[in-house]
Amino acid sequence: MGVEQTQPLITHLIELRKRLINCIIAVFVIFLALVYFANDIYHLVASPLIKQMPAGATMIATDVASPFFTPIKLTFMVSVILSAPVILYQVWAFVAPALYKHERRLVVPLLVSSTLLFYVGMAFAYFVVFPLAFGFLTHTAPIGVQVSTDIRSYLDFVMALFMAFGVSFEVPVAIVLLCWVGVTTPDDLRKKRPYVLVAAFVIGMLLTPPDVFSQTLLAIPMYCLFEVGVFFARFYTGKRMSRDEDAAAEEDVAEKEE
């Protein structure tokens, strides 16, 4: 009996190793394809700040190795982000055998939508928030202070904002999952709309620079995505209620086949 219990564990570990190797290969291949353009990628990411800097001002590197390692670090991060669909597929392939058919049909849209929403959040930050935020920050410098941002500090700052907006745009997926597992219901969430609106502005205040435009640009999309999540959650809630029946039916079919 001990051997029978060990065999499935070893099989799962081998499968997990296979999926992890596939993820690493995907990241490595994309990184090799992009590393030649590392400096161009960094310039693209830094463009929103460079366009807002005063005439004659430039970005600086305070560390000897920063001009080389900072673009490489950014390229690796971009490789991980671009390989997200492959990584999510590997996660899906690993857990799918343990799910019922009904659950597999529900999880696939969640995986696809979560990836797209994360990318949309990052694009929103780059094209909308960055120009306004950097325009505000560069023009509020005290007299006699020249704005010359270190390239490594800038990378840390923008990656934090990218992650913040990417995760914030996952609100619909989070709401659907909460309703699916029974933590809450769409009706309960509708009653809490005023609190959600206030919370969205508080989160926008914490995650964005201290200006009302950036705060509003994050709070309003978050609230709109909350409404989208509440709308789609009702479909998943109804399906969740019949999940036990579907599981029982599949178990009956499996027993008959045996």
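(A) Layout of the packing of aromatic side chains. For the coordinates displayed, the defined rule picks out 14 aromatic pairs. Here the aromatic rings of Phe31 and Phe76 are separated by 6.3 Å at their centres, their planes lie at 70°, and the arrangement is edge-to-face. A residue pair is termed long-range when its members are at least 10 positions apart, and Phe31 in helix α1 (residues 2–34) and Phe76 in helix α3 (residues 66–82) qualify at 45 residues. Residue Phe76 is classed as partly exposed on the basis of its relative accessible area of 45%. With centroids separated by 5.2 Å and ring planes inclined at 85°, the aromatic side chains of Phe231 and Phe232 adopt a geometry described as edge-to-face. Note on Phe231: relative accessible area 42%, which makes it partly exposed. Residue class for Phe232 comes out partly exposed when judged on its relative accessible area of 43%.

(B) Region of interest: helix α7 (residues 171–180). Most of α7 is tucked away, with seven of its 10 residues classed as buried. Those residues of α7 that sit buried are Val171, Pro172, Val173, Ile175, Val176, Cys179 and Trp180. Downstream of α7 by a residue or two, Gly182 has a phi angle that is positive, lying close to 90°.

(C) Quick peek at a nonpolar patch on the surface. Where nonpolar side chains cluster on the molecular surface, the patch consists of Leu9, Leu13, Leu16, Leu20, Val91, Phe94 and Val95 and spans about 580 Å² of accessible area. Put simply, the parts of the chain that give the nonpolar patch at least two residues each are α1 and α4 (84–95). Tallying contributions element by element places α1 first for the nonpolar patch, with four residues. Relative to the helices and strands, Val95 is located in helix α4. Since its relative accessible area comes to 34%, Val95 is described here as partly exposed.

(D) Structural view of the nonpolar core. Counting 51 residues, the largest nonpolar core has Tyr42, Met59, Phe130, Tyr154, Phe162, Phe165 and Ile175 as its most contacted members. Broken down by secondary-structure element, the contributors of at least two residues to this core are α2 (38–50), α3, α5 (101–138), α6 (151–168), α7 and α10 (212–241). In terms of residue count, α5 provides more of this core than any other element does, 13 residues in total. With near-sequence residues (within four places) excluded, Tyr42 lies in contact with Met59, Thr70, Pro71, Leu74, Ile151, Arg152, Tyr154 and Leu155.

Cut-offs used in this document
Residues numbered from 1 in each chain as written. Predicted model: local features only at pLDDT ≥ 70, side-chain atom pairs only at ≥ 80, totals over all residues. Heavy atoms only, no water. Phe/Tyr/Trp six-rings, centres within 6.5 Å; stacked < 30°, edge-to-face > 60°. Helix = DSSP H or I, 4+ residues; strand = E, 2+ residues; numbered from the N terminus. Buried < 20%, exposed > 50% of the residue type's maximum accessible area, 1.4 Å probe, protein only. Patch = residues over 30% accessible without salt bridge, like charges linked within 9 Å, V, L, I, M, F, W, Y side chains within 5 Å. Areas by Shrake-Rupley, 256 points an atom, 1.4 Å probe, with all protein chains shown as cover. Salt bridge = Lys/Arg side-chain N within 4 Å of Asp/Glu carboxyl O. Core = buried A, V, L, I, M, F, W, Y, C linked by side-chain atoms within 4.5 Å. Contact = heavy atoms within 4.5 Å.

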